[in-house]
Amino acid sequence: MSSFKIFGLLSVLVLSGCSATYQQVTDMSEFYKDKLSCETTYTQGYGLFGSKSYGDIGQKGPAQDCMLSKGYRFAQQ
């Protein structure tokens with residue numbers, strides 16, 4: 001399997017994993033812009049080697065609350 005096919009498959013898995021917790025979104029570019037904004041605004045500090053630990057919209061916390069305040073709702077599972 002070529003590296004391009006593997007990258008494509010991983011991209012699909014990552015993208016579907018990010019949007020799976022929220023209801024169907026019609027404008028994915030707007031969703032990812034809001035996601036990036038919420039995760040970077042609510043940085044949780046710094047890791048062991050000095051890298052930032054960004055908020056996670058998939059877990060309870062301020063980043064998830066930010067997404068909910070923008071009107072996104074969880075999908076029924």
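Since the model is a prediction, treat every value here as computed from it, not as a measurement.

Asker: An account of the state of the cysteines is requested, with residue identities and associated values reported.
Answerer: Applying the stated criterion to the full structure yields one disulfide. Covalent S-S linkage joins Cys38 and Cys66, the inter-sulfur distance amounting to 2.1 Å. Judged by the torsion about the S-S bond (-65°), the Cys38/Cys66 disulfide is left-handed. Taken together, the positions of Cys38 in helix α2 (residues 28–41) and Cys66 in helix α3 (residues 62–69) put the pair 28 residues apart, joining distant regions of the chain.

Asker: Which residues make up the pattern of salt bridges, and what values go with them?
Answerer: Pairs can form between side chains of opposite charge once their charged atoms are near each other. A full pass over the atoms with the stated rule returns three salt bridges. In this structure, Glu30 and Lys33 form a salt bridge, with 3.4 Å as the shortest nitrogen-oxygen distance. In this pair, Glu30 and Lys33 both sit in helix α2, three residues apart, roughly one turn of the helix. Glu30 gets classed as partly exposed once you look at its relative accessible area, which sits at 32%. Between Lys35 and Glu39 there is a salt bridge, with the nearest N and O atoms lying 3.1 Å from each other. Of the two residues, Lys35 and Glu39 are both situated in helix α2; the distance of four residues between them amounts to about one turn of the helix. Each member of the pair, Lys35 together with Glu39, is buried.

Rules used in this analysis
- All residue numbers here refer to positions counted from 1 along the written sequence of the relevant chain.
- In view of the model being predicted, local features appear only for residues whose pLDDT reaches at least 70, and side-chain atom pairs are presented and counted only at 80 or more, with totals across whole chains, interfaces and linings using the full set of residues.
- Hydrogens and water are ignored here; the side-chain numbers use all heavy atoms of the structure.
- Counting rule for disulfides: a pair of cysteine sulfur atoms within 2.5 Å.
- For helices the rule is a DSSP run of H or I covering at least 4 residues; for strands it is a run of E covering at least 2, with both sets numbered from the N terminus onward.
- Here, a salt bridge means any side-chain nitrogen of Lys or Arg that lies within 4 Å of a carboxyl oxygen of Asp or Glu.
- Categorising residues by exposure relies on relative accessible area from a 1.4 Å probe, with only protein chains included: less than 20% of the type maximum marks a residue as buried, more than 50% marks it as exposed, and the intermediate range marks it as partly exposed.

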